Structure formats: C-alpha cells, structure tokens
Amino acid sequence: MLFALVSAFITGSVVQAVGAPTAGRWLAATHGVIGLAVLVLTPWKSRVISRGLERRNRGRTLSLILAAITLIVIVTGVVHTTGLLSRIGPFTVLWWHIAAALALLPVLGWHVVVRNTLPRPLDATRRNLLRLAGLASTGAVLWWGADRAISLSGLPGTERRFTGSHERSSFDPTGMPVTSWLDDTTPTIDPSSWRLTLSDAAGSRSLALSDLASFPAVEVTADLDCTSGWWSRQIWEGVRLDRLVDAGEARSVVVRSATGYARRYPITDLGRLWLATGVGGESLSPGHGFPVRLIAPHRRGFWWVKWVDRVETSSLPWWVQSPFPLT
Ligand code: HEM
Ligand code: HEM
Ligand SMILES: Nc1nc2c(c(=O)[nH]1)N[C@H]1C(S)=C(S)[C@@H](COP(=O)(O)O)O[C@H]1N2
Ligand SMILES: [Mo]
C-alpha cells in the first residue's frame with residue numbers, strides 16, 4: 001500500500017509536469033491504474049485496520065484521518081476524471097485531489113513510522129512480485145472499466161485531453177478561466193510605460209509595445225492546459241522568441257513576469273515560444289496577461305508566463321529551477 005500510494009503520488013506529479021502527448025497519455029493512465037490499485041488493497045487493509053482498532057492503538061484518530069484523506073484523494077480523482085463536477089467551492093476538483101494528496105504524505109509517513117512497518121528487503125520475494133502483478137492488473141481492469149463506463153454514459157470525461165484535463169471555452173477567450181499558479185494577482189500595467197527588457201548575446205535593450213509591434217507577428221493556435229484540470233484552445237497572436245532573442249552560446253532563456261513569477265526554458269525552445277499581445281483578434285485582457293504573455297504550446301499552463309517584462313538568456317541549463325513554480 002505504501003508502494004502504491006507513493007507511486008501514485010509520483011506519477012500524478014509527473015503527469016502534471018509533462019506536456020507531451022505520447023508520454024502524457026500513458027502517464028495519466030498509469031497514474032489512474034495505480035490510484036485505483038489502492039482501492040483493490042482495501043479488503044486486506046480492512047483486516048489490519050480492525051485488528052489495530054481492537055488493540056486500541058494510540059494515535060488511532062490520526063489513522064482514521066488518514067483513511068478519510070485517502071478516500072477524498074481517490075473520490076476526487078475519479079470525480080475529476082468523469083468530468084461530472086468541475087469545482088467544489090472556490091477550487092477545481094483536481095485542485096482538491098492534489099491538495100488532499102499533499103496532505104496525505106506526512107500523515108502516511110507518520111502512520112508508517114508509528115506502526116513500525118518500514119518495508120524490508122525480504123519483502124521482494126517471488127510470491128510478492130506475483131501479488132504485485134496481480135494488483136497491477138486488477139487496477140488496470142478497474143481503470144479500463146471506469147474509462148469504458150465514462151465513454152458509454154457519455155460523461156464529459158470522454159472528451160478529456162491526454163493530461164486528463166477537460167475542455168473549457170475554446171475560441172472564446174472571454175470565457176477562458178483566469179488562473180494563477182499560487183498567489184499571483186493581476187497587476188495594473190500602464191501600456192505606455194511598459195517596457196520589455198531583453199538581455200542576450202547582443203547585450204541589453206528595452207522595447208516599448210510599439211517596438212514589439214514592429215516584429216513580425218503570427219497567429220498560433222495553441223492549447224493552454226492548466227494543471228488545475230482544464231484546457232482551452234485559442235488563436236493567439238505574437239512574435240516568436242527567436243526573432244527577438246540572440247541565443248549566442250546560451251543554454252537557457254528565462255522569461256519573467258512583472259509580478260516576479262518566472263520560468264526557465266531550454267534555449268532550443270526559442271523557435272516554439274511566442275510573446276503574445278493578442279488572442280482571438282483582440283488584445284489580451286488584464287487577467288490573461290496584458291500587455292504581453294508567453295505562449296508555450298508544447299507545455300503545461302504554468303509555463304505560459306503572464307505580464308512578461310523581461311527575457312534573458314543564461315549559461316545555466318534549463319533544469320536549474322524548481323520543477324513546479326514556488327509562487
Ligand atoms: C492510506 C493508507 C492507510 C490507511 C488509510 C491506514 C489506516 C489504518 C487504520 C485506520 C488503522 C487502525 C488504527 C491504528 O492502528 O492506528 C491502521 C493500522 C495499521 N496500519 Fe495502516 N493505513 C494505511 C497505510 C498503511 C501502511 C502503508 C502501512 C505499512 C507500511 C500500515 C501499517 C499499519 C499497521 C502495522 C497497523 C496496526 C495493526 C495492528 O495493530 O495490528 N498502514 N491503519
Ligand atoms: C496518493 C496519491 C494519489 C492517489 C491515490 C491518486 C488517485 C487517483 C485516482 C484513483 C484517479 C482517477 C483515475 C480514474 O478514474 O481513471 C486519479 C486521477 C488523477 N490524478 Fe491522482 N492520485 C494521487 C495523487 C495525485 C497527484 C499528487 C496529482 C498531481 C499533482 C494527481 C493528478 C491526477 C490527475 C491529473 C488525474 C486525472 C487523470 C485522468 O483523467 O486520466 N494525482 N488519481
Ligand atoms: N505571472 C504569472 N503567470 C502565470 C501564472 C501566474 O500565477 N503568474 N499562472 C500560470 C498558470 S498556472 C496558468 S494555467 C496560466 C493561466 O492563464 P490564463 O489565466 O490566461 O488562463 O497562466 C500561467 N502564467
Ligand atoms: Mo495552471
């Protein structure tokens with residue numbers, strides 16, 4: 001169970017980090033299979049639980065809280081997948097799923113330590129490996145059944161993207177949710193005083209909006225896929241970064257927001273990143289990044305930096321950053 005929960009946590013996080021269709025589809029399915037395998041273990045676990053409850057172990061309440069959190073994680077996972085419900089209170093169902101999974105980790109750690117059952121090397125016997133295979137296939141059957149049930153009943157989840165996200169307001173930018181990663185709020189930016197600072201092999205310079213407008217802009221149809229569980233396809237208008245940036249010997253490029261939010265990309269991405277000033281034929285709305293935001297079609301939403309005011313190349317590799325933003 002420990003193994004299943006930890007693997008579920010890891011695969012869930014990796015699904016959120018990855019933006020590539022082939023890997024993504026398999027990852028999401030694997031995550032679902034592992035998550036449902038936790039359910040398969042309940043009959044065995046329920047015996048351990050009743051024994052533990054009879055013994056009146058100290059710290060029982062926290063174990064029961066652990067059980068409640070686990071249930072929430074699995075139920076929100078399945079509900080998100082069906083697409084039946086998009087939000088609970090202020091947050092999306094997937095947001096609750098992730099929050100509950102994050103809360104689960106420390107409580108699970110405590111439980112395993114207090115009940116003194118850390119995994120032993122002895123546990124990797126042939127018999128247990130066979131059991132593991134049985135568990136994985138039962139999880140897979142459940143996942144497949146859930147997936148078939150969702151399609152057959154025509155639930156919204158049938159249409160979900162390979163990341164598990166549900167479609168929202170495509171080709172209607174005004175209906176597209178305004179989202180921030182954690183705590184960013186929409187800044188008020190005066191377009192006449194806004195400047196883009198570029199720092200690269202050609203030195204440092206600053207562009208006004210009118211300067212940016214003199215670069216060739218193109219339309220890019222791209223899917224913004226937020227890790228809170230929705231995606232939206234829009235026609236963006238912007239300047240490709242390799243038209244603005246002189247890569248030189250740099251290994252990465254950092255795109256910064258006026259709010260301080262920033263991401264670092266491999267330098268080879270310059271040809272597939274755009275600085276957008278418009279969407280759906282209009283300029284960006286403040287919430288969606290006015291005056292300029294990044295379009296990163298092959299990446300998850302948190303890479304689409306809004307309110308960009310600085311782009312700089314760097315000699316560091318792109319992975320010198322937290323895998324997920326910290327603000
Ligand atoms: C999310 C997963 C889990 C839940 C919801 C859960 C829940 C519980 C509950 C409610 C009890 C009975 C009350 C108590 O003794 O505290 C219990 C007992 C116990 N659990 Fe867990 N548990 C989980 C995972 C694990 C894991 C991963 C291990 C070991 C690696 C483990 C080992 C034990 C042991 C040894 C007992 C005591 C049994 C006894 O006294 O005979 N549990 N668990
Ligand atoms: C203990 C940890 C976790 C468990 C037990 C778990 C379990 C589940 C389950 C049962 C599903 C539904 C699968 C289905 O109905 O086909 C699911 C879906 C999902 N979970 Fe988790 N999860 C965990 C952690 C996470 C984390 C940490 C993330 C992200 C950071 C995450 C992201 C997702 C996503 C994106 C889906 C939708 C996949 C799809 O629609 O195909 N999960 N999870
Ligand atoms: N500056 C800044 N840019 C940001 C974010 C943020 O919090 N701050 N959130 C990102 C996330 S998580 C997503 S999904 C998209 C959402 O874009 P939207 O609000 O235009 O839908 O913006 C990204 N860009
Ligand atoms: Mo997001």
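Residues numbered from 1 in each chain as written. Chains lettered and ligands numbered in written order. Predicted model: local features only at pLDDT ≥ 70, side-chain atom pairs only at ≥ 80, totals over all residues. Heavy atoms only, no water.

Visitor: Go over the environment of Ala28, please, and point to the residues and values.
Guide: In this fold, Ala28 is placed in helix H2 (residues 21–40). Separated by 136 residues in the primary sequence, Ala28 and Gly164 place their C-alpha atoms 6.8 Å from one another. Dropping the residues within four chain positions of it, Ala28 is found in contact with Val15 and Phe162. (Helix = DSSP H or I, 4+ residues; strand = E, 2+ residues; numbered from the N terminus. Contact = heavy atoms within 4.5 Å.)

Visitor: Please give an account of the coordination of the iron atom of ligand 2 that cites residues and values.
Guide: Summarising the metal site, the iron atom of ligand 2 is bound by the protein donors His31 (NE2) and His97 (NE2), whose distances to it range over 1.9 to 2.0 Å. Classification of the site at the iron atom of ligand 2 rests on its six donor atoms, whose angles at the metal span 87 to 180°, yielding the label octahedral. Within this pair, whereas His31 is found in helix H2, its partner His97 is found in helix H5 (residues 93–114), the two being separated by 66 residues in sequence. For the residue pair His31 and His97, the accessibility class agrees, reading buried in each case. (Donors = N, O, S within 2.8 Å, 3.2 Å for Na, K, Ca; no water. Tetrahedral: all angles 85-135°; square planar, octahedral: opposite > 155°, others 65-115°. Buried < 20%, exposed > 50% of the residue type's maximum accessible area, 1.4 Å probe, protein only.)

Visitor: Provide a residue-level description of the site of ligand 1, including the pertinent values.
Guide: Neighbouring residues of ligand 1: 21 residues in total, closest Lys45, Asn57, Ser63, His111 and Arg115. Arg55 has a polar side-chain atom sitting 2.9 Å from an oxygen atom of ligand 1. Within the side chain of His111, an N or O atom sits 2.8 Å from a nitrogen atom of ligand 1. Breaking the shell around ligand 1 down by element, the ones donating at least two residues are helix H1 (2–17), helix H3 (42–54), helix H4 (60–82) and H5. For the shell around ligand 1, the class distribution of residues is ten nonpolar, six polar and five charged. (Near = heavy atom within 4 Å. Polar contact = N/O pair within 3.5 Å; in protein donor to acceptor, adjacent residues only side chain to side chain. Nonpolar A, V, L, I, M, F, W, Y, C, P; charged D, E, K, R; others polar.)

So, to be careful, I would describe these as geometric facts and stop short of saying anything about function.
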